Amino acid sequence: MASLEQTRQLVTEIPGPGSLELNKRRAAAVSHGVGITLPVFVARAGGGIIEDVDGNRLIDLGSGIAVTTIGNSSPRVVEAVRAQVADFTHTCFMVTPYESYVAVAEELNRITPGSGEKRSVLFNSGAEAVENAIKAARSYTRKPAVVAFDHAYHGRTNMAMALTAKSMPYKSGFGPFAPEIYRAPMSYPYRDGLLDKELATDGELAAARAISVFEKQVGAANLAAVIIEPIQGEGGFIVPAEGFLPALLDWCRRNDVVFIADEVQSGFARTGAMFACEHEGIEPDLICTAKGIADGLPLSAVTGRAEIMDAPHGSGLGGTFGGNPVACAAALATIETIESDGLLARAKEIERLITERLLRLQAADDRIGDVRGRGAMIAVELVKSGTADPDPELTQKLSTAAHAAGVLILTCGMFGNVIRLLPPLTISDELLVEGLDIIAEILGNL
């Protein structure tokens, strides 16, 4: 395949006639329960560009929701996948195993935080990883309850929905949900600071507030696990105050509670470290990964302390497609690409480019309430001028106009007022700056 030209190009309106025709077919054939951010149908993608069926080239600041971190159809991944497909596509690891599953587990045990003996198990989706981490924690502790946090997102299966905080569109009408799920307050420095400046900057104080909820509403004797995104994804790219995560982990260790880090969105070099929890030097008991693990092929994993991961009885963990050999080949190539191509450093450079530009914008526009995030996982929280009131209408207008201009951005946040930027780490500086210029121009005209 010829390399994809790394320039933005609009040859039709967005979406174009080809995409509109395909969208009619989608509406007739696909469940209306599946939402679409932008009805542009993709023909090719790579680097920082998505090319649609009409020949339009859009700047990709979404990476398929933090999946194509190393760029779409990355060369090592393409080569590895082709070779594996030619050998075999499936046997089911639980029936007749294969080396690549073991190799992925070995790599995950090596690169995840923590120096002790570890084990891994592979699945298909982030939600599956979350569900199975809870299973392992309950099996190990022999306790039922789980605590999740305000603004959390952990997936769309029944247990994962119960852990997720946002009702629409993730939970509304889909209950009843799994029992013994409790919710604690998250450290949200921007919003906390509107009430208490100390709470916004003192992570240990914010952790004490959450721990008080654990102890009063659940009790350590009943609590199997605390699950948290080290940087919340769908909730708005919320980076907790420094000290929050270590204080939670310390409490869990003292109370025989399994600490689960959900790094589905923040893992695999996205934040400038291989995993976001490394920024605070913490070593979770279990870590859930997916999204960026295999450059777009469906794969997820739970990795953690051997004694916890080995607690479930034989055949208690698994699944027909978990650790599919083609996805495993892609994962091994993805990890090699991150390490060989210096993508951790690239994520930090992207962070500098984005945050410097957004902070300059913020200084001139009080509708930018907060700029936050790490690496190539940066968010802008939009508020009504002169207030801290969320402005989802402005957020939607900005997103819609950016799409029409050929820049793919995503929204998130409990209040629908956060623009999230998730460019692939292979995007060029020129494309990234152009995308930011367009966003800034549009916001200035709204």
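Here goes a summary of the coordinates provided. (Residues numbered from 1 in each chain as written. Predicted model: local features only at pLDDT ≥ 70, side-chain atom pairs only at ≥ 80, totals over all residues. Heavy atoms only, no water.)

## Quick notes on unusual backbone geometry
The step from Ile14 to Pro15 runs through a cis peptide bond, and the omega angle for that step is -5°. With an omega dihedral of 5°, the bond running from Gly175 to Pro176 counts as a cis peptide bond. Relative to the helices and strands, Pro176 is located in the loop between helix H6 (158-163) and strand E6 (181-184). Of note, the phi angle at Ser73 is positive, near 50°, even though the residue is not glycine. With a relative accessible area of 40%, Ser73 lands in the partly exposed category. Even without a glycine there, the phi angle at Lys291 is positive, about 35°. (Helix = DSSP H or I, 4+ residues; strand = E, 2+ residues; numbered from the N terminus. Buried < 20%, exposed > 50% of the residue type's maximum accessible area, 1.4 Å probe, protein only.)

## Thoughts on the pairing of strand E12 (residues 377-382)
Along any regular strand, the residues point their side chains to alternate faces of the sheet. Of all six residues in E12, six are buried; the element is thus mostly enclosed. Going residue by residue along E12, you find Met377, Ala379 and Glu381 tucked away on one face and Ile378, Val380 and Leu382 tucked away on the opposite face as well. In terms of strand pairing, strand E11 (residues 368-374) meets E12 through six bridges, oriented antiparallel. Note on E12: the bridge partner recorded for Val371 is Val380. (Pairing = 2+ DSSP bridges.)

## Some points on the environment of Ile350
Mapped onto the fold, Ile350 is located in helix H13 (residues 343-364). You can call Ile350 buried: its relative accessible area is 0%. Expressed as a C-alpha distance, the spacing of Ile350 and Val433, which sit 83 residues apart in the sequence, is 10.0 Å. Those residues in contact with Ile350, other than ones at most four positions away along the chain, are Gly375, Ala376, Pro423, Pro424, Leu425, Ile427 and Leu432. (Contact = heavy atoms within 4.5 Å.)

## What about the sheet that holds strand E4 (residues 118-123)?
Spatially, the seven strands line up as an open sheet ordered E4-E10-E9-E8-E7-E5-E6, and their pairing is mixed. Looking at which strands have only one partner, the edges of the open sheet turn out to be E4 and E6. Taking each pair of neighbouring strands and ignoring which way they run, the sheet shows an average axis angle of 20°. Two strands pair when backbone bridges link them, and strand E5 (residues 145-149) and strand E7 (residues 223-228) are joined in this way by three bridges, in the parallel orientation. Paired with Val146 across the strands is Ala225, a residue of E7. (Axes fitted to C-alpha atoms, helices over the stretch in contact; angles between N-to-C directions.)

## Thoughts on the state of the cysteines
In the structure shown here, the tally under the stated rule is zero disulfides. The thiol sulfur of Cys252 is not disulfide-bonded, and the nearest other cysteine sulfur, from Cys277, lies at 13 Å. Between Cys288, a free cysteine, and Cys277, which holds the nearest cysteine sulfur, the sulfur-to-sulfur gap is 11 Å. (Disulfide = S-S within 2.5 Å.)

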